[in-house]
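Remarks on the overall topology
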Amino acid sequence: MPRQAVGETVRVAIHAPAPLVRAGLAGFVALDPRLHELPRDRIGEADAIVVAVDVADASALDLLHRLCDRPGARFLVVVGKKWRADLSAAQKRGVRAVVWWDFCSPDVFARSVRAVAGSEEIPLPSPLAPEQAEHHVVASRGRAEPRLNAREVDVLRLIAEGKQCDEIALELSYSERTVRYILYGAMKRLRTRNRAHAVSHAIRAGLI
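Residues numbered from 1 in each chain as written. Predicted model: local features only at pLDDT ≥ 70, side-chain atom pairs only at ≥ 80, totals over all residues. Heavy atoms only, no water.

A few words now on the packing of aromatic side chains. All chains considered together, the criterion is met by one aromatic pair. Aromatic side chains Phe-28 and Phe-109 sit 5.7 Å apart centroid to centroid with 50° between the ring planes, which places their arrangement in the tilted category. Taken together, the positions of Phe-28 in helix 1 (residues 19-31) and Phe-109 in helix 4 (residues 106-117) put the pair 81 residues apart, joining distant regions of the chain. Residues Phe-28 and Phe-109 agree in their burial class; the two are buried. Taking NZ or CZ as reference, Arg-151 lies 5.8 Å from the ring centre of Tyr-174, over its face. (Phe/Tyr/Trp six-rings, centres within 6.5 Å; stacked < 30°, edge-to-face > 60°. Helix = DSSP H or I, 4+ residues; strand = E, 2+ residues; numbered from the N terminus. Buried < 20%, exposed > 50% of the residue type's maximum accessible area, 1.4 Å probe, protein only. Lys NZ or Arg CZ within 6 Å of the ring centre and 35° of its normal.)

Enumeration over the complete set of coordinates arrives at two cavities of 30 Å³ or more. Roughly 50 Å³ of volume is contained in the largest cavity. Lining of the largest cavity is provided by Val-51, Val-53, Ala-56, Ala-60, Leu-61, Leu-64, Val-77, Trp-83 and Ala-85. Those elements that provide at least two residues to the lining of the largest cavity are strand 3 (48-56), helix 2 (58-67) and strand 4 (75-83). For the lining of the largest cavity, the class distribution of residues is nine nonpolar, no polar and no charged. A volume near 40 Å³ is recorded for the second largest cavity. As for the second largest cavity, its lining consists of Ala-13, Ile-14, Arg-22, Leu-38, Pro-39, Arg-40 and Ile-43. When the residues that make up the lining of the second largest cavity are grouped by side-chain class, the tally is five nonpolar, no polar and two charged. (1 Å grid on protein atoms, 1.4 Å probe; cavity = no way out; pocket = protein on both sides within 12 Å on 5 of 7 lines; lining within 4 Å. Points joined across faces, edges and corners; volume = space filled by probe spheres on them. Nonpolar A, V, L, I, M, F, W, Y, C, P; charged D, E, K, R; others polar.)

Time to look at the packing of helix 7 (residues 176-190) against helix 8 (residues 195-204). Two elements in contact, helix 7 and helix 8, have axes separated by 10 Å at closest approach and are oriented at 60°. Comparing their axes, helix 8 and helix 7 come out oblique. For the crossing formed where helix 7 meets helix 8, the hand is left-handed. Here Arg-180, Leu-183, Met-187 and Leu-190 of helix 7 come into contact with helix 8, specifically with Arg-195, Ala-198, His-201 and Ala-202. Split by residue class, the contact of helix 7 with helix 8 holds five nonpolar, one polar and two charged. (Axes fitted to C-alpha atoms, helices over the stretch in contact; angles between N-to-C directions. Parallel < 35°, antiparallel > 145°, perpendicular 65-115°, else oblique. Left-handed = near helix turned anticlockwise from the far one by under 90°. Contact = heavy atoms within 4.5 Å.)

Our focus in this paragraph is the pattern of salt bridges. Tallied over the full model, the rule gives 10 salt bridges. The partner of Asp-107 in a salt bridge is Arg-151, and the shortest N-O contact between them spans 3.7 Å. With Asp-107 in helix 4 and Arg-151 in helix 5 (residues 150-160), this pair connects stretches of sequence that are 44 residues apart. By relative accessible area, Arg-151 is classed as partly exposed at 24%. Note that Glu-171 and Lys-163 form a salt bridge whose closest N and O atoms lie 3.7 Å from each other. Take Lys-163: its relative accessible area is 26%, and that puts it in the partly exposed class. In the salt-bridge network here, residues are joined through shared partners; they are Asp-32, Arg-34 and Arg-114. (Salt bridge = Lys/Arg side-chain N within 4 Å of Asp/Glu carboxyl O.)

The subject of this paragraph is the sheet that holds strand 2 (residues 35-37). Remark on secondary structure: sheet strands pair via backbone hydrogen bonds, oriented parallel or antiparallel. Read from one edge to the other, the open sheet built from five strands follows the order 2-1-3-4-5, with strand pairing classed as parallel. A single partner strand is all that each edge strand has here, and the edge strands are strand 2 and strand 5 (95-100). The mean inter-strand angle of the sheet, taken between neighbouring strand axes irrespective of direction, is 30°. In this structure, strand 4 lies alongside strand 5, joined through five bridges in parallel fashion. By the bridge assignment, Phe-75 is partnered in strand 5 with Val-95. (Pairing = 2+ DSSP bridges.)

This part is about the side chain of His-197. Inspection of the secondary structure assignment puts His-197 in helix 8. Overall, His-197 belongs to the buried group, its relative accessible area being 18%. With sequence-adjacent residues up to four places away left out, His-197 is seen in contact with Arg-191 and Thr-192.

By themselves these figures say nothing about function.
Printed below as a string of structure tokens:
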């Protein structure tokens, strides 16, 4: 199957046993008009297959083959906890990118999916050292802090000013649904319990 050209819609299939994780990934697809989710029974037609696992090991690589044994199938693996698989074996099974769930924002997800489906070969990051990933920065006090993207910074700053999601949507020219997805992504990446916790954490860390 030919790979996607720049600007074309990318057909995405998602396999995630955990309902909340699957809903989050499907939401990320829905946020980007360049991505289109295929139903499970059309996984063989996908340009990029997203598979979410807690632990990436040999059994997870076997799962990829069971999900789609089509030659040339290309996978994005979203890892929840640990990576224990051999990287060369993963590449042979079609893994073209690895994203840690804690740092899988809508922007990171969409960019990774498009890269997996595209014509370029992208190197796999070292999954054994997620703190070295490009989506982290080291805060002044010396511990790794997630990096917020521009949209997340804007939303959290406006929440810090006391604005509600509908007011933020109007000010930033987003839909209210988009604002809520952006906020959800920021809360998940910062590992915070609610919007107030996310704002206070981001302020203390110097992220906004």
